[in-house]
Amino acid sequence: MTRLIFLGPPGAGKGTQAKVLSENCNVPHISTGDILRAAVKAKTELGQKAEGYMSAGKLVPDDLILDLVRERLGQEDTANGWLLDGFPRTVEQAEFLNKLLDEIGQSCEFVINLEVPDDVLVSRMLERGRADDKEEVIRTRLDVYRKETEPLIAFYRGRQQLKSVDGNQLMDAVSEALQKIVTCDISD
Ligand code: ADP
């Protein structure tokens, strides 16, 4: 069973690595950022509500996120596991997730913390050039990360679930390091 949470600052490569690992382990890659971007693109009610926060680099309010995660983790394709990327992002979200997993009789195996120095993060995001990858917005996202998300490292370390991986290596080397942590069988 592969149930993993990907932590790490914006630009750390969570999305890229979670995608590779989800394919290898044959479990869905659940990215709240991707779900929100798709909603913005499709101009759904969620997308319209979330757009302003996202383009400013701020967190989307929990009332838009929590139900979405509950609903997604209730879908059939999660029966063999899941990789969460971009959620939880605050201690409150982590507490919500703990309760939700309890309710549905699941537990998370590992929390993977991808570590990358700030200067590398900024240059990666500037190169990527997503809609929210403008210098000013990047600064806000990094501030939000330090204030809201970084405390999760201590939260999960305290629960003995944290594994740190050096994200400042070539993509394949990071993938390999992750694969070593995860017990999923990649032979099939
Ligand atoms: P990154 O981690 O590279 O900044 P994401 O794709 O994970 O990018 O998130 C992009 C944006 O989507 C965030 O800046 C935020 O506005 C919103 N978002 C994604 N996940 C969450 C979440 N769990 N809680 C609140 N907002 C979120």
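Residues numbered from 1 in each chain as written. Predicted model: local features only at pLDDT ≥ 70, side-chain atom pairs only at ≥ 80, totals over all residues. Heavy atoms only, no water.

> Hey, could you run me through helix 3 (residues 45-56) in this one?
Think of an α-helix as turning once every 3.6 residues; residues three or four places apart then point the same way. Residues of helix 3 that are buried include every one of Gly47, Ala50 and Met54, and no others. Looking straight down helix 3, one finds that the buried residues subtend no more than 80° of arc, so they occupy a single side. Opposite its buried face, helix 3 presents the exposed residues Glu45 and Gln48, each directed more than 90 degrees away. Buried residues along helix 3 sit in contact with helix 2 (32-41), helix 4 (62-73) and helix 7 (135-149). Of the residues one or two after helix 3, Gly57 is the one with positive phi, at around 80°. (Buried < 20%, exposed > 50% of the residue type's maximum accessible area, 1.4 Å probe, protein only. Helix = DSSP H or I, 4+ residues; strand = E, 2+ residues; numbered from the N terminus. Arc of directions from axis to C-beta. Contact = heavy atoms within 4.5 Å.)

> What is the right way to look at helix 7 in this model?
With 15 residues, helix 7 ought to run about 21 Å at 1.5 Å a step, and its terminal C-alpha atoms sit 20 Å apart, in line with that. The complete set of buried residues in helix 7 reads Val137, Ile138, Arg141, Leu142, Val144, Tyr145 and Thr149. Buried residues of helix 7, seen end-on, are gathered within an arc of 160° and therefore sit on one face of the element. For helix 7, the exposed residues lying more than 90 degrees away from the buried face are Glu136, Asp143 and Lys147. Of the surrounding elements, those touching the buried residues of helix 7 are strand 1 (2-7), helix 3, strand 4 (110-115), helix 6 (118-128) and helix 8 (151-158). (Expected span 1.5 Å × (residues − 1).)

> What is the right way to read the site of the ligand from this model?
Neighbouring the ligand are 20 residues, the closest being Thr32, Arg37, Lys58, Gly86 and Arg89. One of the side-chain N or O atoms of Lys14 is found 3.2 Å from an oxygen atom in the ligand. Here Arg89 contributes a side-chain N or O atom positioned 2.9 Å from an oxygen atom of the ligand. Coverage of the ligand by the protein amounts to 96% of the 550 Å² it exposes when considered alone. Considering every element that reaches the shell around the ligand, the biggest residue donor is helix 2, with four residues. For the shell around the ligand, the per-class residue count stands at seven nonpolar, five polar and eight charged. (Near = heavy atom within 4 Å. Polar contact = N/O pair within 3.5 Å; in protein donor to acceptor, adjacent residues only side chain to side chain. Areas by Shrake-Rupley, 256 points an atom, 1.4 Å probe, with all protein chains shown as cover. Nonpolar A, V, L, I, M, F, W, Y, C, P; charged D, E, K, R; others polar.)

> Mind showing me how you'd approach the packing of helix 2 against helix 4 here?
Between two packed helices, the angle of one axis relative to the other and the distance separating the axes together describe the packing. Viewed as axis vectors pointing N to C, helix 2 and helix 4 meet at an angle of 110°, and their least axial separation amounts to 11 Å. By the angle between their axes, helix 2 is roughly perpendicular relative to helix 4. Judged by residue contacts, Thr32, Ile35 and Leu36 of helix 2 engage Ile65, Leu68 and Val69 from helix 4. (Axes fitted to C-alpha atoms, helices over the stretch in contact; angles between N-to-C directions. Parallel < 35°, antiparallel > 145°, perpendicular 65-115°, else oblique.)

In short, shape yes, function no, at least from these values alone.
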